[in-house]
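# Secondary and tertiary structure notes
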Amino acid sequence: MPIWVGWHGLFLRKRFAGAGKPGLGKKKSIMRGKKGLTKADLFPAPGDKMETSNTFTGKAGFGMETTKNLAELVKSFRPLVVLSGAGMSTESNLADFRSREGLWARFDPMRLATLSALEREPGEFYAFYRMRLEALRQAEPNSGHRILADWEKKGILSAVVTQNVDGLHQRAGSQNVVELHGSLRTVRCIRCGAGMPGMELLERTECRKCGGPLRPEVVLFGETLPPEALEESERLASTCGLFLVLGSSLVVSPANSLPRIAKACGAKVAIVNREPTPLDGIADLVVRGEIGMTLAGADAEIEGGYPG
Ligand SMILES: [Zn+2]
């Protein structure tokens, strides 16, 4: 039963109690693949209870304690794989898609973020993406992005799987980034396939080489996700020790299947999001709070006693 604590709205669902025990980071589950999993493991019927770890006990904690719990998870369960969603970028002042103030509340995605919009209403289509590119030009990676990049350099984090198309993880220095929904960093000519930097779309909508229409290399509504990205994200989820969700509402498939895959393969799951998600029930730790602040707190704990 989640217990709400603290003025800042952080709450701790289960308290990590196995901190600092040697060998915890080398769970055999890390090497366990997806083999042997049934569909029911990954997509249980509503009301089903997934197996949860007894490493945790239900106890309320305040912000300090919550970040400490996250730090202990990060230290003890490797490799760490992160799934980031729009909430990661709202802290860089980029509009969220699904919140009430989000982009989709002001624009109709089914009309604009589609190939048919590009064909039938190119003016609207390009205006929409130019607005997003302009916003992106003003945006900078935030402290959360920078901490994740730092963790990768230190060997703490193995990969970031992201639903975001803004490239902020890479700008912060992350190398191993799997972009599930493509990227605004590049545009491509629909006719000849030539690629160029995304910001070119602010200058022109037609290919320099052949004059064909350009499109951002994002996954539009109705298009399938890049299969390599999907496959890689599933591989990462099934082989990680800790799957950390940052700022994803976990309502979009297939991103919302990744924590289930991780859990079913024996990993711990932690979720940092401002609002409840449908998968809070399977998480070992749920933090309601700002991502940057939460990661900074965890980072300070790790810095204080990270073995190497
Ligand atoms: Zn072309």
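Anyway, here's the lowdown on the structure attached to this text. (Residues numbered from 1 in each chain as written. Predicted model: local features only at pLDDT ≥ 70, side-chain atom pairs only at ≥ 80, totals over all residues.)

Take the overall build of the chain next. When helices and strands are counted, the chain shows twelve helices and 13 strands. Here the chain holds 308 residues, and 44% of them are scored as buried. Taking contacts inside the chain between residues at least 6 apart in sequence as the whole, the part at least 24 apart equals 69%. (Helix = DSSP H or I, 4+ residues; strand = E, 2+ residues; numbered from the N terminus. Buried ≥ 20, exposed ≤ 12 C-beta atoms within 10 Å, placed from the backbone. Contact = placed C-beta atoms within 7 Å.)

Further remarks concern the environment of leucine 70. With respect to the secondary-structure elements, leucine 70 resides in helix α2 (residues 63–76). Assessed through the 25 C-beta atoms surrounding it within 10 Å, leucine 70 is described here as buried. Considered as a pair, leucine 70 and threonine 294 are 224 residues apart in the sequence and their alpha carbons are 8.5 Å apart. Discounting chain neighbours no more than four positions away, the residues touching leucine 70 are Ala270, Leu285, Val287, Thr294 and Ala298.

Counting buried residues in strand β12 (residues 268–272) gives five out of five residues, a clear majority hidden from the surface. Neither face of β12 is open: one carries Lys268, Ala270 and Val272, the other Val269 and Ile271, and all of them are buried. Looking at chain direction, strand β11 (residues 242–246) and β12 are connected through five bridges and run parallel. Bridge pairing in β12 links phenylalanine 243 to valine 269. Each parallel crossover has a hand, and for β11 linked through helix α11 (residues 258–264) to β12 it is right-handed. By the bridge criterion, three bridges tie β12 to strand β13 (residues 285–287) in an arrangement that is parallel. Bridging across to β13, alanine 270 finds its partner in leucine 285. (Pairing = 2+ DSSP bridges. Right-handed = clockwise from strand over helix to strand, strands pointing away.)

Ordered in space as β7-β6-β5-β11-β12-β13, the six strands form an open sheet in which the pairing is parallel. Each of the sheet's edge strands pairs with one partner strand only, and the pair in question is β7 (177–179) and β13. Each neighbouring strand pair of the sheet contributes to a mean axis angle of 15 degrees, computed without reference to strand direction. Pairing between strand β6 (residues 157–162) and β7: three bridges, direction parallel. (Axes fitted to C-alpha atoms, helices over the stretch in contact; angles between N-to-C directions.)

Between its terminal C-alpha atoms helix α7 (residues 122–138) stretches 24 Å, which fits the 24 Å expected from 17 residues at 1.5 Å a residue. Among all positions of α7, only Phe125, Tyr126, Phe128, Tyr129, Arg132, Leu133 and Leu136 are buried. Within α7, the buried residues cover an arc of 155 degrees as seen down the axis, which keeps them to one side. Facing away from the buried side of α7, by more than 90 degrees, are the exposed residues Gly123, Glu134, Arg137 and Gln138. (Expected span 1.5 Å × (residues − 1). Arc of directions from axis to C-beta.)

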